[in-house]
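Now for the letters of each chain:
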Amino acid sequence: MPAFLTRLNDAAKSKILTLQEYFVLAGKALRFIVARPFYGQDVVQQMDEIGVKSLGIVILTGLFTGMVLALQSSVQLKTFGASIYIGNLVSASMIRELGPVLAGLMVAGRVGSGIAAQLGSMRVTEQIDALNTLGTDPIKKLVTPRLIAALVMVPVLTIINDFVGIIGGNIIASLVLGLPGAMYWRTVWVQIANDGFALRVIPNDFIQGLTKPIVFGGLIAVTACYFGLGTTGGTEGVGQSTTRTVVTSSILILIVDYFITQVLLSVLTYG
Amino acid sequence: MADLPKPSTFDDRQRTSDTAESDDDDRKSAAVRQAIRSELAVDAPSDSARGGKRSSDKSVVELQHVSLAFDVPIIEDVSFVTCEGETMAIVGESGTGKSTILKLVLRLLVPDRGFVLIDGEDITPLTFEEALVVRQKMGMVFQGSALFDSMSVFENVAYPLREHTDMDEDEIAQRVREKLQFVDLEPDRVMEQLPSELSGGMKKRVGIARGMANNPRIMLYDEPTSGLDPLTTGTIMRLIMKLQRELGVTSLVVSHDIRAVFRMATKVALLHERRITFLGTPEEMAASDDRYIQDFLGGFSS
């Protein structure tokens, strides 16, 4: 029994240590955003890598999500004779939930894995040690630029995702239901207005729809960097870090999404 | 399967030859010593050439009773002093913690006990940021070169200059050329290439150029000749000696390539079972009667 307890104790300790390391990394990376020297060029390069190069998959994801949303809800709404409200449904779902979560998951898959693989390779080929030796803090040089880029670009991608998704809904609404475009867009705006405003001018939906991707962006970047920098065991280790990054950040996105929604729904006054 | 004769593995062969040799060990060790002496006579530069600009006995890199363990002990009670202009070689079997010593000197690792002194200053209590500054005194050449593979050769060599100096682009370009020429590379040919386009020996040389770009007074080499053909090995060794001779840098070389070490080191430390069991000049080492030392030298001279 004591042996079992010792093992349990060790396991718990190492889990907590992992969590602590994760938050220390996140804290340092955030602190370095405002500390010299700034690696501006790296930030721009990462914005291109994370943002511009993810544009294609995000647009495709958004378009088809919006289309399938409209298609599915058209069947449901028709039974109530409420097809006219299709715009409300697509807009609320895309902006509040699907836009941020799907953009987050796509970026976690495409960018998170890339970051983990790159930093992991740098770790196993001693390039991280080389940075340290040459007097550069690897967190400042590698993690902070990726964090900044993700914090900025994931929300941007989400906005694009939302917009393209609503257009996708528009396409299906007019093709399948024969709903005029003007009518569709009107219901989209009505829904946003109905969900209320914070400080009288900022739509609640936008607050929800933008808080999430900022958090997701940070999550993806820190998780990927954490696993990447912690890589051990050669090329095989790089593969493991990559897998862990994608799995962990995807699950975290879904869990954190629930809690953000919970908090925001109680803070913001809807309706 | 059980009926098949067991194939003779490399290990088996090794063991058989070991037992065979242990019968006439004395004869062998005498032969080894002879071989090493002749090696020294042929290859070793004269003391003046090897000693280069060694003039003072100022301690540059010093370890005092350093111990370090990760779960299992890595090194125990290791002490040595490397004076200005000396080339100290740390030799030993694989996995005896040789590279760990370099990481301790760079303060990438902190010892559990003992002190690491650079220029007489204890670096163990330094913060991470302070350590970054101390590291600028040192240039490190990694075993696998560790060039940044997202950057060109030029950017790699320029990296420490951009990080730590106020040099303008012209000065940086000039310094990079100078360093690439020093390591016998044609700047115009290699500067724009990516590390992945270079051969192992060229990578090593770019690694040395990057390590010395900042004109550090201390150079650290981790297995500088491993994985290279004999010709390239010779080139790299001459380069390390040239660096020490012409610029008077203090060097710490970690290697198991005993031939290379004997040619360039002024002092050799043998790491065996986590401790330094021998510390002296290559000549003293070759003359030693210690059984392990003879075995160690013999294993490489044959």
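Predicted, not measured: the structure shown is a model, and the values here were computed from it.

K.L.:
Let's hear about the sheet that holds strand β1 (residues 59-70) of chain B: which residues, and what values?
P.N.:
In a beta sheet, neighbouring strands are held together by backbone hydrogen bonds and run either parallel or antiparallel to one another. All names here are of chain B. The strand order across the open sheet formed by four strands is β2-β1-β4-β5, and the pairing between neighbours is antiparallel. Since the sheet does not close on itself, it has two edges, and those belong to β2 (72-83) and β5 (121-122), each with one partner. Of the pairings in the sheet, the one linking β1 to strand β4 (residues 113-118) comprises five bridges and is antiparallel in character. Note on β4: the bridge partner recorded for Q64 is F115. Contacts between helix α4 (residues 98-105) and the sheet are confined to β1, β2 and β4, with β1 contributing the most and set at about 120 degrees to the helix.

K.L.:
Residues and numbers for unusual backbone geometry, please.
P.N.:
All names here are of chain B. For D71, which is not glycine, the phi torsion reads 60 degrees and is therefore positive. As for its position among the elements, D71 is in the loop between β1 and β2. Even without being a glycine, A146 presents a positive backbone phi close to 55 degrees. For A146, the position within the fold is in the loop between β6 (138-141) and α6 (153-164). You can call A146 buried: its relative accessible area is 2%.

K.L.:
Outline the nonpolar core, supporting the account with residue identities and numerical values.
P.N.:
Judged by nonpolar contacts, the single largest core of 77 residues is most densely connected at F80(B), I101(B), V105(B), L220(B) and L252(B). A per-element tally of this core places helix α8 (residues 204-229) of chain A first, with ten residues. Beyond its immediate stretch of four places on either side in the chain, L252(B) contacts V61(B), F80(B), T82(B), M88(B), I90(B), L102(B), V105(B), M219(B), L220(B) and Y221(B). L161(B), F182(B), L243(B) and A260(B) belong to the second-largest nonpolar core, a separate cluster that totals 35 residues.

K.L.:
I'd like a description of the confidence of the model for chain A, backed by residues and values.
P.N.:
Looking at chain A, the pLDDT average stands at 90 and 99% of residues meet or exceed 70. Per-element confidence in chain A ranges from a low mean pLDDT of 81 for strand β1 (residues 197-198) of chain A to a high of 94 for α8(A).

K.L.:
A description of the side chain of K242(B) should follow, citing residues and the corresponding values.
P.N.:
All names here are of chain B. Tracing the chain through its elements places K242 in helix α10 (residues 230-247). It turns out K242 is buried and unbridged, and the closest side chain with the opposite charge, D184, is 4.3 Å from it. Those residues in contact with K242 that sit more than four places away from it in its chain are F182, D184 and L247.

Each value, and the rule that gives it
Residues numbered from 1 in each chain as written. Chains lettered and ligands numbered in written order. Predicted model: local features only at pLDDT ≥ 70, side-chain atom pairs only at ≥ 80, totals over all residues. Heavy atoms only, no water. Pairing = 2+ DSSP bridges. Helix = DSSP H or I, 4+ residues; strand = E, 2+ residues; numbered from the N terminus. Contact = heavy atoms within 4.5 Å. Axes fitted to C-alpha atoms, helices over the stretch in contact; angles between N-to-C directions. Buried < 20%, exposed > 50% of the residue type's maximum accessible area, 1.4 Å probe, protein only. Core = buried A, V, L, I, M, F, W, Y, C linked by side-chain atoms within 4.5 Å. pLDDT = per-residue confidence, 0-100. Lys, Arg positive; Asp, Glu negative; His and termini not counted. Salt bridge = Lys/Arg side-chain N within 4 Å of Asp/Glu carboxyl O.

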